[in-house]
Amino acid sequence: SLLLSSWPDALKEENNWFGTPFATACIHEAPLEVIYLLLETMLKSKEYRHCLDLKFAKGRELTDDVTNLISHLSTILNNDEVSLTTANDTVDYFINGKMWYCVFLVINKYPAITKTMELHVSARFSLHGW
């Protein structure tokens, strides 16, 4: 977090072996919290989003957690349409990981899933001054 705040362009730096810091973190089994932080930071910025290439994962042996993340992430990044079940599984995965920006992106891409979600919305109205 400190590195990202002091040098945000580090997200788009690439090396010849592993690519971006996100790819390097996934390949070298960094803690999921680090991977999530890099991912969400990249997704939040259009400037860095284009650097998020999942090709590094093809043919590599990655941990089950990273493989699962890449699978769900492809639901957001690919232009393919997916079933409502897949979209729901993806949003559930990101909710469980507390990756709220990813949840937002899934709902934004597949708004129909909100009809199947149990959303608890409370509204507070102030009648003061009426």
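Higher on the page you've got the structure.
Report follows, based on the coordinates. (Residues numbered from 1 in each chain as written. Predicted model: local features only at pLDDT ≥ 70, side-chain atom pairs only at ≥ 80, totals over all residues. Heavy atoms only, no water.)

Here we come to the side chain of His-72. Along the chain, His-72 falls in helix H5 (residues 64-77). Apart from residues lying up to four places away in sequence, His-72 is in contact with Asp-89, Thr-90, Tyr-93 and Phe-94. (Helix = DSSP H or I, 4+ residues; strand = E, 2+ residues; numbered from the N terminus. Contact = heavy atoms within 4.5 Å.)

Bringing the packing of helix H3 (residues 32-44) against helix H7 (residues 100-109) into the picture now. Contact geometry for H3 and H7: axes closest at 9 Å, N-to-C directions at 45°. In terms of their interaxial angle, H3 and H7 are classed as oblique. In this structure, H3 crosses over H7, and the sense of that crossing is left-handed. Of the residues in H7, those in contact with Leu-39, Glu-40, Leu-43 and Lys-44 of H3 are Trp-100, Tyr-101, Cys-102 and Leu-105. Among the residues forming the contact of H3 with H7, the class breakdown is six nonpolar, no polar and two charged. (Axes fitted to C-alpha atoms, helices over the stretch in contact; angles between N-to-C directions. Parallel < 35°, antiparallel > 145°, perpendicular 65-115°, else oblique. Left-handed = near helix turned anticlockwise from the far one by under 90°. Nonpolar A, V, L, I, M, F, W, Y, C, P; charged D, E, K, R; others polar.)

Tallying each qualifying case throughout the model produces two aromatic pairs. The interplanar angle of 70° and the centroid separation of 5.3 Å between the aromatic rings of Tyr-93 and Phe-94 together place this pair among those described as edge-to-face. Both residues of the pair, Tyr-93 and Phe-94, count as buried. When the centroid spacing of 5.6 Å and the interplanar angle of 40° are considered together, the rings of Tyr-101 and Phe-104 count as tilted. In this pair, Tyr-101 and Phe-104 are both assigned in helix H7, three residues apart and thus about one turn of the helix distant. (Phe/Tyr/Trp six-rings, centres within 6.5 Å; stacked < 30°, edge-to-face > 60°. Buried < 20%, exposed > 50% of the residue type's maximum accessible area, 1.4 Å probe, protein only.)

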